[in-house]
Amino acid sequence: TGEGQIYVPSVSIAYAEKRADNLQEGTSIPGSFAAEYSMDASGYWTAVIVFFVFVILFMFALMIFRLCLFRSRYPNVLVHPDPHLFAPRIVLQLLIVFSTCCSTLF
């Protein structure tokens, strides 16, 4: 089978002999059964890590883009600050950072 598929299970049964000449009729004999399934998941985790790295890089790029847009809309003027800003610049920049993180990750 190819990559990413479930493999057909193989069963191997091992029998052991036990003397039964001193057992009564209807006596039960304890036994055990164990099953194990495993497969190599390293390819899956590599893909997940690569995906999260791309998501984080995209998030940082979007964050920088949104901060640049904010800076171009509201330049840092010391004489007459923009009256339309309802909070200090650092608060609005943090709001941009947190909203970008939340909208990208969730």
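What counts, and at which threshold
- Residues numbered from 1 in each chain as written.
- Predicted model: local features only at pLDDT ≥ 70, side-chain atom pairs only at ≥ 80, totals over all residues.
- Heavy atoms only, no water.
- Helix = DSSP H or I, 4+ residues; strand = E, 2+ residues; numbered from the N terminus.
- Buried < 20%, exposed > 50% of the residue type's maximum accessible area, 1.4 Å probe, protein only.
- Contact = heavy atoms within 4.5 Å.
- Areas by Shrake-Rupley, 256 points an atom, 1.4 Å probe, with all protein chains shown as cover.
- Expected span 1.5 Å × (residues − 1).
- Phe/Tyr/Trp six-rings, centres within 6.5 Å; stacked < 30°, edge-to-face > 60°.
- Disulfide = S-S within 2.5 Å.
- Patch = residues over 30% accessible without salt bridge, like charges linked within 9 Å, V, L, I, M, F, W, Y side chains within 5 Å.
- Salt bridge = Lys/Arg side-chain N within 4 Å of Asp/Glu carboxyl O.

1. Digging into the overall build of the chain
Stage number 1. When helices and strands are tallied, the chain shows two helices and zero strands.
Stage number 2. Considering the chain as a whole, with its 106 residues, one finds that 11% of them fall into the buried category.
Stage number 3. Restricting the contact set of the chain to residue pairs at least 6 apart, pairs at least 24 apart contribute 61%.
Stage number 4. About 10000 Å² of surface is accessible on the chain, with carbon and sulfur atoms providing 65% of the total.

2. What to know about helix α2 (residues 89–105)
Note that an α-helix has 3.6 residues per turn; residues three or four places apart therefore point the same way.
Stage number 1. Between its terminal C-alpha atoms α2 stretches 24 Å, which fits the 24 Å expected from 17 residues at 1.5 Å a residue.
Stage number 2. The secondary structure elements touched by the buried residues of α2 are α1 (42–73).

3. Describing the packing of aromatic side chains
Aromatic ring pairs are reported here in terms of the distance separating the ring centres and the angle at which the planes meet.
Stage number 1. Counted by the stated rule, this structure contains two aromatic pairs.
Stage number 2. Measuring from ring centre to ring centre gives 5.0 Å for Y44 and W45, while their planes differ by 75°; the resulting arrangement is edge-to-face.

4. Examining the state of the cysteines
Stage number 1. What the rule picks out here adds up to zero disulfides.
Stage number 2. Left without a disulfide partner, C101 is nearest to the cysteine sulfur of C102, which lies 6.7 Å away.
Stage number 3. Take C102: its relative accessible area is 44%, and that puts it in the partly exposed class.

5. A closer look at a nonpolar patch on the surface
Stage number 1. A cluster of nonpolar side chains, I49, V50, V53, F54 and L57, forms an exposed patch at the surface whose accessible area comes to about 490 Å².
Stage number 2. Structurally, V53 is set in helix α1.

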